[in-house]
Amino acid sequence: MSFPITRMRRFRRTPELRALVREARLTPAQLVLPLFVCHGENVERPVASMPGCAQQSVDRLVATAGQAARRGVGSVILFGIPAHKDPLGSEGYADDGIVPRAVRALKSAHPSLVVWADVCLCEYTSHGHCGVLREGYVDNDATLPLLSRAAVAYARAGADVIAPSDMMDGRIAAIRAALDQADRALTPIVSYAAKYASAFYGPFREAAESTPQSGDRRGYQMDPPNVEEALREVALDIEEGADAVMVKPALAYLDVIWRVKERFGLPVAAYNVSGEYSILKAAGERGWLDAERAALEVLTAIRRAGADIILTYHALELAEKLG
Ligand code: PBG
């Protein structure tokens, strides 16, 4: 049946008709707002390359999280900025480190907000790499016990979801075993399974103060041209006990999101990373495009590609526009 019997414009005529046939839907409960937490009181240090984002002390963080919760945002994910960095990233797995403190405060102020804890050493190490360095190379196996200690410290503080982003091999199995042993068998792991060595992390490294002091992360994060390898990474993490998997970044990797969702079917998260956020903000500030509409379009595309969960710095500003 073709024109004039078929007219595709019939369902486009009014907002209500468009809503009737809309396919990809996005709700604030599916969004995860990343937050940067630092020591001190009443501290709010805006991140220049990420307008609208700041490093915040725990008291300010609790207020921002409250705002997010009131707007229906389902989750926040925490990145900690330690008081001191050292070669082994020891504040990353200290029971009284910045993340466990923030988790305790958030869970007591906003019990129904889902609190995720990112697990990685790069914010805590003096060299800025995601694991322990040995002769300039990140030592995979020596890093696993430290990541496991971090996961247990965060879960004990009350984190609802543990999200390892370090890209060491075998970390999901190690963390799962450690959580189970610490009586946290019901704490889920969302693995950053397909995490690429991306230029789009630039602004985050300013926000989290985690730029590697030498070299880059290509020795452990994935090579951007590879998708079959992403599927292997995901399969391995599922075997090791991941409850959900993440693809990161999102926009330049929509095909990866799609293939992971199609093949494995488990909940898939996508990280709409700092660089993806900053380019829209920058263009919006120059008046080159309507940044809010563009952001909604981007999040919808990520959802359409198959992501069930989206980590995004836009969560706070866009939550009320969704539903
Ligand atoms: C590493 C980590 C990074 C991000 C989240 N976790 C940066 C990196 O690998 O260098 C990036 C997030 C973003 O760019 O928004 N712990």
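Residues numbered from 1 in each chain as written. Predicted model: local features only at pLDDT ≥ 70, side-chain atom pairs only at ≥ 80, totals over all residues. Heavy atoms only, no water.

Focus: the overall build of the chain
In plain terms, the rule: Put simply, DSSP marks the helices as runs of H or I at least four residues long and the strands as runs of E at least two long, and each gets a number from the N terminus on. Radius of gyration here uses only the C-alpha atoms, and the compact-globule reference equals 2.2 Å multiplied by the residue count raised to the power 0.38. With a 1.4 Å probe rolled over the protein chains alone, any residue whose accessible area is under 20% of its type maximum counts as buried; one over 50% counts as exposed, and the rest are partly exposed.
Helix and strand counts for the chain stand at eleven helices and twelve strands. Taken over the C-alpha trace, the chain has a radius of gyration of 20 Å; the compact-globule value for 323 residues is 20 Å, and the two agree within 12%. Overall, the chain is about 70 × 45 × 40 Å in size when its C-alpha atoms are taken along their principal axes. Across the 323 residues of the chain, 54% fall into the buried class.

As for the pattern of salt bridges
Inclusion rule: One side-chain nitrogen of Lys or Arg within 4 Å of one carboxyl oxygen of Asp or Glu is enough to make a salt bridge.
In total, this model carries twelve salt bridges according to the counting rule given. A salt bridge links Arg259 to Glu228, with the nearest nitrogen and oxygen atoms 3.1 Å apart. Remark: Glu228 occurs in helix H7 (residues 228-240) and Arg259 occurs in helix H8 (residues 254-264); sequence separation between them is 31 residues. Overall, Arg259 belongs to the partly exposed group, its relative accessible area being 28%. Bridged by salt links that share partners, the residues Asp166, Arg171 and Asp237 form one connected network.

Notes on a nonpolar patch on the surface
Stated formally: Patch rule: a residue counts if its relative accessible area is over 30% and it has no salt bridge; like charges are joined within 9 Å, and nonpolar side chains (Val, Leu, Ile, Met, Phe, Trp, Tyr) within 5 Å. Surface accessibility follows the Shrake-Rupley procedure with a 1.4 Å probe radius. Residue values consider only the protein chains on display as shielding.
A cluster of nonpolar side chains, namely Phe11, Leu20 and Val21, defines an oily patch on the protein surface of about 290 Å² accessible area. Along the chain, Phe11 falls in the segment before helix H1 (15-20).

Comments concerning the site of the ligand
Stated formally: Residues are classed as near a molecule or strand on a simple rule: at least one heavy atom within 4 Å of it. In protein, a polar contact requires one atom able to donate a hydrogen and another able to accept it; more generally it is a pair of N or O atoms within 3.5 Å, and residues adjacent in sequence count only if both atoms are side-chain atoms. Under the grouping applied here, Gly and all other residues not named as nonpolar or charged are polar, the nonpolar ones being Ala, Val, Leu, Ile, Met, Phe, Trp, Tyr, Cys and Pro and the charged ones Asp, Glu, Lys and Arg.
The full set close to the ligand counts 18 residues, and Arg205, Gln221, Lys248, Ser274 and Tyr313 are the nearest of them. At a separation of 3.2 Å, a nitrogen atom of the ligand approaches a polar side-chain atom of Lys248. The side chain of Ser274 places a nitrogen or oxygen atom 2.7 Å from an oxygen atom of the ligand. Residue composition of the shell around the ligand, grouped by class: nine nonpolar, three polar and six charged.

Overview of unusual backbone geometry
The linkage connecting Phe3 with the following residue, Pro4, adopts the cis geometry, with an omega of 10°. Note that the residue after Lys248, namely Pro249, is joined by a cis bond; omega there is -10°. Considering the arrangement of structural elements, one finds Pro249 in the loop between strand E10 (244-248) and H8. A positive phi is found at Met167, a non-glycine position, where the angle reads about 70°. Its location among the elements puts Met167 in the loop between strand E8 (161-164) and helix H5 (171-181).

Structural notes on helix H9 (residues 274-285)
An α-helix turns once every 3.6 residues. As a result, residues three or four positions apart point the same way. Our working definition: Here, expected helix span is obtained from the residue count minus one, scaled by 1.5 Å. Residue contacts are counted whenever heavy atoms from the two residues lie within 4.5 Å of one another.
A rise of 1.5 Å per residue sets the reference length of H9, with its twelve residues, at 16 Å; its end C-alpha atoms lie 16 Å apart and thus fit the reference within 8%. When H9 is considered as a whole, its buried residues turn out to be Ser274, Gly275, Glu276, Tyr277, Ser278, Leu280, Lys281 and Ala283. In the core, the buried residues of H9 are packed alongside helix H6 (202-208), strand E11 (268-272), helix H10 (291-304) and helix H11 (315-318). Where H9 ends, the next residue or the one after it, Gly287, has phi of about 75°, a positive value.

Focus on the packing of aromatic side chains
Under the convention used in this document: Under the pairing criterion, centres of Phe, Tyr and Trp rings, with the six-membered ring standing for Trp, must be within 6.5 Å; the plane angle then separates stacked pairs below 30 degrees from edge-to-face pairs above 60, leaving the rest tilted. Placement of a charge over a ring requires the Lys NZ or Arg CZ to be within 6 Å of the ring centre, with the centre-to-atom vector within 35 degrees of the ring normal.
Per the counting criterion, the structure on display carries eight aromatic pairs. For the pair Tyr271 and Tyr313, a centre-to-centre distance of 6.1 Å together with 45° between the ring planes defines the contact as tilted. Of this pair, Tyr271 sits in strand E11 while Tyr313 is found in the loop between strand E12 (309-312) and H11, placing the two residues 42 residues apart along the sequence. For the pair Tyr277 and Tyr313, a centre-to-centre distance of 5.7 Å together with 55° between the ring planes defines the contact as tilted. Taken as a pair, Tyr277 in helix H9 and Tyr313 in the loop between E12 and H11 lie far apart in primary sequence, 36 residues in all. On the basis of relative accessibility, which here comes to 1%, the residue Tyr277 falls in the buried class. Aromatic ring contacts, followed pair by pair, group Phe36, Phe79, Tyr192, Phe204, Tyr271, Tyr277 and Tyr313 into a single cluster. Directly above the aromatic system of Trp288 lies the positively charged group of Arg286, at a separation of 5.2 Å from the ring centroid.

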